[in-house]
Amino acid sequence: MSQQVEITRTRQSPAEAESVLRAAWGDVFVGPLRPDVLRLVLALWDLETGSGGSEFNFNWGNMVDAGQTGRFYVADDTGHTRHFAAFASQREGADALLRQLTRDSRSEWRAGLATGDPELFVRHLSGEFGGPAYFEASPARYLATYLERWDKYPHLNAPARTPEAPAPKTPPATMRRKTSTGAAVVVLACGGLLWVLATMTR
């Protein structure tokens, strides 16, 4: 059972968050850092924490307590009291967000992340393509705010956003994720389907 801890503001700047994410990348993924994916996650952190000014207990994505650390803090969320996961450091919070977005039970979120496209990412987070929704706000409003945050990080060299263009049918190939057992999970786009291949280490 998780233990309640005092709510503590853990501010950090976008530059600091980017540095931590770059370091945390190797904790979760196999292979080189993908700037477009890093940009998607950094923009999500920016939106959920108010550019770091409203980050509490190193929780990078306002993730609710699900036993991740055995600690939680209580806060009001749109009129409802909720238990949010509490982490011990910025690195731990970044790791948790990356893992949350790529869990097997969140395959639609992971698929959206793999596209590297901000609009498709939010649409996957909204539950439009199935699976749980990451947020409860209006998808259109959340997307508009998210794109404002994503636009703050052009140095991460993601492809230019073109909302008028039709969405690609498949995400770009290859985003490899580590697992707790040491397996390497490869997400491939092929014929409109995501194939997940795992090579288990024994």
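Up top is the structure these notes are about.
Small disclaimer: the values here were computed from a predicted structure and weren't measured. (Residues numbered from 1 in each chain as written. Predicted model: local features only at pLDDT ≥ 70, side-chain atom pairs only at ≥ 80, totals over all residues. Heavy atoms only, no water.)

**Overview of the environment of V5**
Inclusion rule: Working definition: helices are DSSP H or I runs of at least four residues, strands are E runs of at least two. Numbering for both runs from the N terminus. We call a residue buried when its accessible area falls under 20% of the maximum for its residue type, exposed when it is over 50%, and partly exposed in between, using a 1.4 Å probe and counting protein chains only. Residue contacts are counted whenever heavy atoms from the two residues lie within 4.5 Å of one another.
By the element assignment, V5 lies in the loop between β1 (3-4) and α1 (14-28). Judged by relative accessible area, which is 24%, V5 ranks as partly exposed. Residues V5 and V74, 69 residues apart in the sequence, show an inter-C-alpha distance of 8.2 Å. Residue contacts for V5: discarding those within four places in its chain leaves N57, R71, F72, Y73 and A86.

**Some points on the side chain of N57**
Looking at the element boundaries, N57 is found in the loop between α2 (35-49) and β2 (71-77). Look at N57 and you get buried, because its relative accessible area is 7%. When sequence neighbours within four positions are dropped, the list of residues in contact with N57 reads V5, E6, I7, T8, T10, Y73, A85, A86 and F87.

**What to know about the pattern of salt bridges**
Heads up, the rule is: Each reported salt bridge corresponds to a side-chain nitrogen of Lys or Arg within 4 Å of a carboxyl oxygen of Asp or Glu.
Within the structure shown, the criterion is met by nine salt bridges. In this structure, D46 and K152 form a salt bridge, with 2.8 Å as the shortest nitrogen-oxygen distance. Of this pair, D46 sits in helix α2 while K152 is found in the loop between α6 (139-150) and β4 (175-178), placing the two residues 106 residues apart along the sequence. You can call D46 buried: its relative accessible area is 0%. Overall, K152 belongs to the partly exposed group, its relative accessible area being 39%. Between R110 and D104 there is a salt bridge whose closest N-O contact spans 3.1 Å. Among the residues examined, D104 registers a relative accessible area of 58% and is labelled exposed. What emerges from the salt-bridge pattern is a single network uniting D46, R149 and K152.

**Observations concerning the environment of L113**
Summarising the element assignment, L113 is placed in helix α4 (residues 107-115). On the accessibility criterion, L113 (0% relative accessible area) is buried.

**Examining the packing of aromatic side chains**
This is how the line gets drawn: In this analysis, rings of Phe, Tyr and Trp, with Trp reduced to its six-membered ring, are considered paired at centre separations within 6.5 Å, and the interplanar angle assigns stacked below 30 degrees, edge-to-face beyond 60, and tilted for intermediate values. Our definition puts a charge over a ring when NZ of Lys or CZ of Arg is within 6 Å of the ring centre and also within 35 degrees of the ring normal.
Scanning all chains against the criterion turns up six aromatic pairs. With centroids separated by 4.3 Å and ring planes inclined at 35°, the aromatic side chains of W25 and F29 adopt a geometry described as tilted. An identical accessibility class is assigned to W25 and F29; each is buried. A centroid spacing of 5.3 Å and a plane angle of 75° characterise the contact between W109 and Y134, whose relative ring orientation is edge-to-face. Of this pair, W109 sits in helix α4 while Y134 sits in the loop between α5 (118-125) and α6, placing them 25 residues apart in sequence. Across from the ring centre of W150, 3.6 Å away, lies the NZ or CZ of R39, which sits over that ring. The aromatic ring of W109 is capped on one face by R106, whose charged end is 5.1 Å from the ring centroid.

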